[in-house]
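Remarks on the overall topology
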Amino acid sequence: MIDKLLSLWHTLLVTIWDILPIIIILVGSQVLLIRRPIANLPRVLLGFFFVLIGLTFFIEGLERALFPLGKLMAEQLTAPAFLGLDGSETSVDWTEFGWIYLFAATIGFSTTIAEPSLIAVAMKASEVSGGAIQPWGLRVAVAIGVAIGIALGAFRIITGTPLPYYIITGYVFVLIQTWYAPRTIVALAYDSGGVTTSTVTVPLVAALGLGLSSHIPGRNPMLDGFGLIAFASLFPMMTVMGYAQLSAWAARRAARAAEPASS
Amino acid sequence: MKALILQIVVSLFDSFRDLAPIIAVIAFFQLVVLGQPIPNLLDMLWGMFLVLIGLTLFVQGLKLGLFPIGESLAWDFAAKGSLIWLLIFAFALGFGTTVAEPALIAVANEAANVAAVGGWISDEPAAREDYAYGLRITVALSVGAAIVIGVIRILRGFPIQNLIIIGYIGVVIMTFFAPPEIIGIAYDSGGVTTSTITVPLVAALGVGLASSIEGRNPMIDGFGLIAFASLTPMIFVMGYGALL
């Protein structure tokens, strides 16, 4: 019990240290520049207290429960024994890694659903759009994007193909899709690329990349172990724009179906 | 008070729903695919309990603290009409929140290792530390610059895709010049610089600015700050790798 509390206390100190620069900047600009009392100060302070304690508990819990098991799992799933490699292979057949792709996709999806910064952006988007963008719909769209991204990233590590080819092709797709997507979604879609990968996703995904690149013959963890995060930030842009295009299309269809009935 | 408690109960349920997929995935792979029991079940349950409470409190804190302060700052800056101070604040927010970001520190150390193995810097702890520190400052500067550019975009109402295209072209050009070893780290660095507290604050700031300026649509113009903050580090990390 004591060790649990001690480690919680330690996480609290680390979290305070992390958010200290933000507090300094906020207080500094409020006191030096704005020079106006903050509306509802006690409420705001309570909010910051909740954020601090919440983040502390969240990170402590992740490090206690999810990360050790998730990382161990990534190691076991990529271990030569599980993959059926005996060390004599010089190349591998990418079709023999079904469990890896499934793990990559499902862990990408599920960690994104739990990502606090994505929850924040989804709340804001729903508020700004007057409810036209459903928080849950947006988050699922982003999570599907991350799932596709991580699975494709695992495929890239297994095949050893160069990362820039994938990312640059992805950029071209994003730009083409921007042309056709509803204007109101574009900025949000670009943002969703950056917010998907933080507290929950990065440690687990990094363990997967490292495990894969150290065990697949011919891969170097230093060269091939990176890049999964880049995939995870790219594909949500496409799925979020796709989600908006689908919703717009469904709305148009519904409007067309309603027309003859009303006239 | 009663309303707050009710809200927290609802929010607790939401958090449970948010965490259920992770639990399901881990349990499935552990029990079915790997065919092993869950180790330290009691410790796991304690951890899950902490995650659940933590997420719930964080979401409540967003609504009570981070969102209101981000928006009220945006309104106050707009009312004050001082562009310079707004840009200085934007830069400080981007730089200050990034330079101490633990994920960035990890990435910078990793890049220093690559550089030492690649032989661009001497393989000594001091040389590595210098390299990692320089990289961190570079990325933090680039995020500060990104937030400044993003704020100017909101004020002027430029279409976001024009700036993003320029950024993409920058990434592609730098990819040709950067040493191949650094590319993976550089591409990943875009995703890790924006932390859990920066994102809500920056989102509220952008939306608040766009709502307080006439002729700007918060949906079209308010978002996009985070997109810039995840694009510029890629360019700067590759630039740093190419120059040093």
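Every value quoted in this text rests on a predicted model; they were computed, and no experiment measured them.

**Digging into the packing of helix 7 (residues 163-180) of chain A against helix 6 (residues 160-177) of chain B**
Angle between the axes and distance between the axes are the two parameters that describe a pair of packed helices. For the pair helix 7 of chain A and helix 6 of chain B, interaxial distance at closest approach is 11 Å and the crossing angle is 165 degrees. Between helix 7 of chain A and helix 6 of chain B, the interaxial angle falls into the category roughly antiparallel. Considering the relative orientation of helix 7 of chain A and helix 6 of chain B, their crossing is left-handed. Residues Pro 164, Ile 168, Tyr 171, Val 174, Leu 175 and Thr 178 of chain A of helix 7 of chain A lie in contact with helix 6 of chain B, whose contacting residues are Gln 161, Ile 165, Tyr 168, Val 171, Val 172 and Thr 175 of chain B. Classifying every residue of the contact of helix 7 of chain A with helix 6 of chain B gives 9 nonpolar, 3 polar and no charged.

**Side note on the environment of Ala 146 of chain B**
All names here are of chain B. In this fold, Ala 146 is placed in helix 5 (residues 125-156). For Ala 146, a relative accessible area of 0% puts it in the buried group. For the pair Ala 146 and Phe 16, spaced 130 residues apart in sequence, the C-alpha separation works out to 35 Å. In contact with Ala 146, other than residues within four places in its own chain, are Phe 228, Ala 229 and Thr 232.

**Comments concerning the nonpolar core**
If you look at the biggest cluster of nonpolar residues, it comprises 162 residues, and the most contacted ones within it are Leu 188 and Tyr 190 of chain A together with Val 151, Tyr 187 and Met 238 of chain B. Looking at which domains feed residues into this core, each of domain 1 (1-66) and domain 2 (78-262) of chain A gives three or more. If we ignore the near neighbours within four places in the chain, the residues touching Tyr 187 of chain B are Leu 163, Pro 164, Ile 167 and Ala 230 of chain A together with Val 171, Thr 175, Met 234 and Met 238 of chain B.

**Brief notes about the domain arrangement of chain A**
Interfaces are often sized by the accessible area lost when the parts come together. Residue and element names in this part refer to chain A. Under the domain assignment used here, chain A contains domain 1 (1-66) and domain 2 (78-262). Put simply, the middle of domain 1 and the middle of domain 2, counted by C-alpha atoms, are 30 Å apart. Taken together, the contact pairs 4 residues of domain 1 with 5 residues of domain 2. Of the roughly 300 Å² buried where domain 1 meets domain 2, counting both sides, 90% is carbon and sulfur surface. Interface area lost by domain 1 to domain 2 is led by Phe 58, Leu 62 and Leu 66, which between them contribute 80%. Here domain 1 and domain 2 share 0 salt bridges between them. Taken together, the links from domain 1 to domain 2 amount to 0 residue pairs in polar contact (both at pLDDT 80 or more). Per-class residue counts for the side of domain 1 that touches domain 2 are 4 nonpolar, no polar and no charged.

**Looking at the environment of Ile 53 of chain A**
On the secondary structure map, Ile 53 of chain A appears in helix 2 (residues 41-78). By relative accessible area, Ile 53 of chain A is classed as buried at 19%. Put simply, Ile 53 of chain A and Leu 12 of chain A are 41 residues apart on the chain and 7.3 Å apart in space, counted from C-alpha to C-alpha. If we skip the residues at most four places from it in the chain, Ile 53 of chain A touches Leu 12 of chain A together with Leu 57 of chain B.

**Overview of the packing of aromatic side chains**
Enumeration according to the criterion identifies 11 aromatic pairs over all chains in this entry. Note on Trp 99 of chain A and Phe 29 of chain B: the rings are 6.2 Å apart at their centroids and 80 degrees apart in plane angle, and the pair reads as edge-to-face. With Trp 99 of chain A in helix 4 (residues 98-113) and Phe 29 of chain B in helix 1 (residues 2-33), this residue pair bridges two chains. Given a relative accessible area of 39%, Trp 99 of chain A falls into the partly exposed group. Between the aromatic rings of Tyr 171 of chain A and Tyr 168 of chain B, the centroid separation amounts to 3.6 Å while the plane-to-plane angle is 5 degrees, which identifies the pairing as stacked. One end of the pair, Tyr 171 of chain A, is in helix 7; the other, Tyr 168 of chain B, is in helix 6, on a second chain. An aromatic cluster is built from Trp 99 and Phe 103 of chain A together with Phe 28 and Phe 29 of chain B, whose rings are joined through pairwise contacts. The aromatic ring of Phe 67 of chain B is capped on one face by Lys 124 of chain A, whose charged end is 4.4 Å from the ring centroid.

Calculation notes
Residues numbered from 1 in each chain as written. Chains lettered and ligands numbered in written order. Predicted model: local features only at pLDDT ≥ 70, side-chain atom pairs only at ≥ 80, totals over all residues. Heavy atoms only, no water. Axes fitted to C-alpha atoms, helices over the stretch in contact; angles between N-to-C directions. Helix = DSSP H or I, 4+ residues; strand = E, 2+ residues; numbered from the N terminus. Parallel < 35°, antiparallel > 145°, perpendicular 65-115°, else oblique. Left-handed = near helix turned anticlockwise from the far one by under 90°. Contact = heavy atoms within 4.5 Å. Nonpolar A, V, L, I, M, F, W, Y, C, P; charged D, E, K, R; others polar. Buried < 20%, exposed > 50% of the residue type's maximum accessible area, 1.4 Å probe, protein only. Core = buried A, V, L, I, M, F, W, Y, C linked by side-chain atoms within 4.5 Å. Domains from an automatic or database assignment. Buried area = accessible area lost by both parts, 1.4 Å probe. Salt bridge = Lys/Arg side-chain N within 4 Å of Asp/Glu carboxyl O. Polar contact = N/O pair within 3.5 Å; in protein donor to acceptor, adjacent residues only side chain to side chain. Phe/Tyr/Trp six-rings, centres within 6.5 Å; stacked < 30°, edge-to-face > 60°. Lys NZ or Arg CZ within 6 Å of the ring centre and 35° of its normal.

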